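Descriptive analysis of the structure
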Amino acid sequence: MRLFVQTIRFRLTVLYSGLLIASAALLLGAIYYAVSKTTEQRPYTVEYAKAQTRSGQYLGKIPVVQVEEVENAVNVRTMETLRNYSFATLAGLFLVALVIGWVLAGRVLRPIRSITRTAAEIQATDLARRINLAGPRDELRDLAETVDTMLERLEHAFRSQRQLIDDASHELRSPLAIIRANLDAVLTAPEATDEERRRAVAIVDRATTRMTRLVEDLLASARRQAPAFVDADVDLAAIANEACEEFAALAVTRDLSLRRLLRPGLSTVGDHDALRRAVGNLISNAVRLAPPGTVVTVAAGERDGWVWAAVRDAGPGIAADDRDRVFDRFWRGPASRRDRHTGLGLAIVRQIVESHGGQVRVFSELGTGSTFVLWLPGPSPGEAPDGDPLD
């Protein structure tokens, strides 16, 4: 009974019925008050007159009442009747109002029951269903469409999560198998030679290094999605310069020239460390894939209210069919497959840039190198520019 009383339908019924009865009581009370004020209510007096025949014979006295007093008596009786019928009408109206309020509340809440029933039937493993509430464009339909939009985002998030778990499991299976095979075949075998053990240790070290890099990239991807970052005003040129400093020594060891074309004062709003990682991933790929003796260009500038940072190399380039997939998780081109890279670097770049409201573009041809451009909104961004800013 307590749960029934707490339902919205019961409360709406009581509210509608109470308002209706209160309005009717006020109306009937006003009518009763107005009628009582316009009629004189007083007891009538009885006078006696002689009664006699036409011949003058005396018959005795009879009661005589004045016409005004007869009218007053009728008014008194009318007021009593009005009061009694008003109470009876209010009682009947209260019962009818309860029934009508219950039915109307049920009809009004029917879409909410549909939303609740559909939402309860949707499981985390099947988010493809939608409420698709029909009817007029009212608050309930807006609520249903909001829930549908939320379900669409949840479906996309769960699908991405499952894809990430599948891909990560697939990527981790290979180094784990390598480690297990070397442990079983060499390191735990008493007849293995020292040379075989050293070779097995080197193989296990490479496999664990790859797993460490994969786990770090996965953590970087997950942390940018979490609300732990506090964005602030940053200088994109300074961020690009810091990323260049991190890879300057590696570029020298690979006989590469790292050229910087950085215009200072490129202000944008974002997370400093995340943006440095995005630019650093681009420089890391360029330094890793560019042939010795070539130039890796790192530039930054501003156009149409947007700030940009670009990294150009003279590496193997990307085929036209692969440019749309280059930012997918765990996708690796032919050159990256040879060094067993994780395939998460460019996916992290796109995620970081898009979380800042920007866009990432790639311009590449096979055999001529690649240019990656990060577009980020500046103080007053217009429509996002297109094209290679280094051309």
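For the structure given in this document, a descriptive report is provided here. Note that the coordinates shown come from a computational prediction; the quantities given were computed from them, not determined experimentally. (Residues numbered from 1 in each chain as written. Predicted model: local features only at pLDDT ≥ 70, side-chain atom pairs only at ≥ 80, totals over all residues. Heavy atoms only, no water.)

1. Describing the overall build of the chain
When helices and strands are counted, the chain shows 9 helices and 9 strands. Taking as baseline every contact in the chain between residues at least 6 positions apart, the subset at least 24 positions apart corresponds to 67%. Accessible surface for the chain amounts to roughly 23900 Å². Of this, 58% is attributable to carbon and sulfur atoms. (Helix = DSSP H or I, 4+ residues; strand = E, 2+ residues; numbered from the N terminus. Contact = heavy atoms within 4.5 Å. Areas by Shrake-Rupley, 256 points an atom, 1.4 Å probe, with all protein chains shown as cover.)

2. What to know about the packing of helix α6 (residues 236-253) against helix α7 (residues 272-289)
Two numbers describe how α6 lies on α7: the axes approach to 8 Å, and their chain directions differ by 35°. Every pair of crossing elements has a handedness; the one defined by α6 and α7 is right-handed. Contacts between α6 and α7 involve Ile239, Ala240, Glu242, Ala243, Cys244, Glu246, Phe247, Leu250 and Ala251 from the first element and His272, Leu275, Arg276, Val279, Gly280, Ile283, Ser284 and Val287 from the second. Of the residues belonging to the contact of α6 with α7, the class tally is 11 nonpolar, 3 polar and 3 charged. (Axes fitted to C-alpha atoms, helices over the stretch in contact; angles between N-to-C directions. Left-handed = near helix turned anticlockwise from the far one by under 90°. Nonpolar A, V, L, I, M, F, W, Y, C, P; charged D, E, K, R; others polar.)

3. Regarding the nonpolar core
Membership of the largest hydrophobic core comes to 42 residues, with the highest contact counts inside it found for Ile283 and Leu374. The set of elements that each furnish at least two residues to this core consists of α6, α7, β6 (295-303), β7 (306-313), α9 (345-355), β8 (359-365) and β9 (369-377). (Core = buried A, V, L, I, M, F, W, Y, C linked by side-chain atoms within 4.5 Å. Buried < 20%, exposed > 50% of the residue type's maximum accessible area, 1.4 Å probe, protein only.)

4. A closer look at the environment of Ala314
Note that Ala314 resides in the loop between β7 and α8 (334-338). Judged by its relative accessible area of 31%, Ala314 falls in the partly exposed class. Put simply, Ala314 and Ser364 are 50 residues apart on the chain and 9.8 Å apart in space, counted from C-alpha to C-alpha. The residues touching Ala314, leaving out its near neighbours within four places in the chain, are Pro291, Thr294, Val295, Thr368 and Gly369.

5. Describing α6
Over its 18 residues, α6 extends 27 Å from the first C-alpha to the last, a length consistent with the 26 Å expected when each residue adds 1.5 Å. A maximum bend of about 45° is found in α6 at Phe247. Among the residues of α6, those classed as buried are Leu236, Ala237, Ile239, Ala240, Ala243, Cys244, Phe247 and Ala251. Looking at the buried side of α6, the elements it contacts are β3 (232-235), β4 (257-262), α7, β6, β7 and β9. Its side-chain oxygen 3.1 Å from the backbone nitrogen of Ala237, Asp235 forms the N-cap of α6. (Expected span 1.5 Å × (residues − 1). Bend = angle between axes of the 7 residues up to and from the residue. Polar contact = N/O pair within 3.5 Å; in protein donor to acceptor, adjacent residues only side chain to side chain.)

Any link to function would need more than the numbers given here.
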